[in-house]
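Inside the fold
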Amino acid sequence: MDLFPLARPFMSLLDPETAHRLTIRALRLGLGPRQDEPDPASLAIDLFGLHFENPLGIAAGFDKNGEVPDAMLAMGMGFAEAGTVTPRPQPGNPRPRVFRLPLHRAVINRLGFNNEGHEALHKRLAARRKGAYPRTGIVGVNIGANKDSADRIADYEEGIRAFDGLASYFTVNISSPNTPGLRALQGKDELAELVSRVLAARRTRRVRPTPVLLKIAPDLADEELADIAEVALEQGLDGLIVSNTTIAREGLVSGLHAHETGGLSGAPLFTMSTEVLREMYRLTQGRLPIVGVGGIGSGDDAYLKIRAGASLVQLYSALTYDGPALVARIKRDLAAHLAADGFAHLKDAVGADVKL
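Attention here is on the structure that accompanies the text. Since the model is a prediction, treat every value here as computed from it, not as a measurement. (Residues numbered from 1 in each chain as written. Predicted model: local features only at pLDDT ≥ 70, side-chain atom pairs only at ≥ 80, totals over all residues. Heavy atoms only, no water.)

**Regarding helix 5 (residues 152-163)**
Given a rise of 1.5 Å per residue, 12 residues ought to cover 16 Å, and the 17 Å separating the end C-alpha atoms of helix 5 matches this to within 8%. All of the buried residues along helix 5 are R152, I153, D155, Y156, E157, G159, I160 and F163. Buried residues belonging to helix 5 abut strand 4 (79-85), helix 4 (117-128), strand 7 (139-143), strand 8 (170-173), helix 6 (188-200) and strand 9 (212-216). With a side-chain oxygen positioned 3.3 Å from the backbone nitrogen of I153, the residue opening helix 5 is D151. Positive phi shows up at G165, right after helix 5, with a value of about 105°. (Helix = DSSP H or I, 4+ residues; strand = E, 2+ residues; numbered from the N terminus. Expected span 1.5 Å × (residues − 1). Buried < 20%, exposed > 50% of the residue type's maximum accessible area, 1.4 Å probe, protein only. Contact = heavy atoms within 4.5 Å. Polar contact = N/O pair within 3.5 Å; in protein donor to acceptor, adjacent residues only side chain to side chain.)

Shown next as structure tokens:
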């Protein structure tokens, strides 16, 4: 039973974190929608040795502690991403720390990697693999570093070791603006060391090592993007996620919560993140799969990300305003765009607007 359309007006009156917590609880109780019809064949794509029934995923931050990945897959998502998770539990920044901006269909957050830590997430992911009916489906793990860590790169290595064998893929999150100093790991020298150590932490005995993707910020200068592309290609990263939230406030008018500090997500991020996506696709010469994130609220948005170079896309903030029915709507419209432009398969549209 899908109670979300009835509950949404009530939820919008609540503090955003309270509303989110209630949403997670409802999904755990099986009260979310379920997709019964198969996805159009044109939406399927194979990447990283994984088969995605459709390119639409739930971004990290929604299910930090891996409580409802299977509910999101049942809803019709092609993949789900748990986290960001840090080695030790941490409370994050003081509340209030999440703010809706309905006029802009945006959200500002300064959560600060609040999560229950590796042990809690490991138990949940291990449990979904056991029992008479083990769960399948693509579930990635987004790993981060504790705020007070003396060696943040070591925290990422620990994340790889903790979830290798449980995660379908890893996302290395060094681009959150809410952990002081974290974004410095995007510098060329720091990034080269991080990527080298993280890739070395994977279990080498596996026939196919767990894919590792890097999530970057949208606020980087051209030379910084070029450095990231160079490191990613030289070190053998499996892919990129473009992008995290922005510290910019372009396009926002003054009003309630517009002055709050933190990362801005939602519709105002779309143009900036898509421009960075296009540039990273060009810089990597289309050789690295890219997950497009930032401001997706429609099938049109998803299609523009794909034509700019994304092989997969993720959303989160738009669900705050439109609810889970948005998932089916995006996939339906995306399939229609592919058909209208003569693309039999999603992969044929990837990067169609970029000259390499």
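**Topic: the environment of G251**
Within the fold, G251 resides in the loop between strand 10 (239-242) and strand 11 (263-266). By relative accessible area, G251 is classed as exposed at 67%. Along the primary structure G251 and E193 are separated by 58 residues, whereas in three dimensions their C-alpha atoms are 36 Å apart.

**A word on the pairing of strand 9**
Here strand 9 lies mainly inside the structure; 5 of its 5 residues are buried. Alternating positions in strand 9 separate into two faces, V212, L214 and I216 on one and L213 and K215 on the other, with burial throughout. Examined bridge by bridge, strand 8 and strand 9 share 4 bridges and lie parallel to one another. In the strand pairing of strand 9, T171 is matched with L213. Relative to strand 10, strand 9 is paired through 4 bridges, and the arrangement is parallel. What sits directly across from L214, in strand 10, is L240. Between the parallel elements strand 9 and strand 10, the chain passes through helix 7 (residues 222-235) in a crossover that is right-handed. (Pairing = 2+ DSSP bridges. Right-handed = clockwise from strand over helix to strand, strands pointing away.)

**A closer look at helix 8 (residues 270-283)**
With 14 residues, helix 8 should cover 20 Å at 1.5 Å per step; its first-to-last C-alpha distance of 20 Å lies within 8% of that length. Along helix 8, the positions that sit buried rather than exposed are F270, M272, S273, T274, V276, L277, M280 and Y281. Here the buried face of helix 8 lies against strand 9, helix 7, strand 10, strand 11, strand 12 (290-293) and helix 9 (299-307). Q285 sits one or two positions beyond helix 8 and adopts a positive phi of about 60°.

**A closer look at the pattern of salt bridges**
If charged atoms from side chains of opposite charge come close, those side chains can pair. All told, the structure shown has 24 salt bridges when counted by the stated rule. A salt bridge links D322 to R105; the shortest N-O distance between them is 2.7 Å. Note that D322 is positioned in helix 10 (residues 317-322) and R105 in the loop between strand 5 (98-101) and strand 6 (106-109), a separation of 217 residues in sequence. By relative accessible area, which is 32% here, R105 ends up partly exposed. A salt bridge links D151 to R197, with the nearest nitrogen and oxygen atoms 3.3 Å apart. One end of the pair, D151, is in the loop between strand 7 and helix 5; the other, R197, is in helix 6, and 46 residues separate them in sequence. (Salt bridge = Lys/Arg side-chain N within 4 Å of Asp/Glu carboxyl O.)

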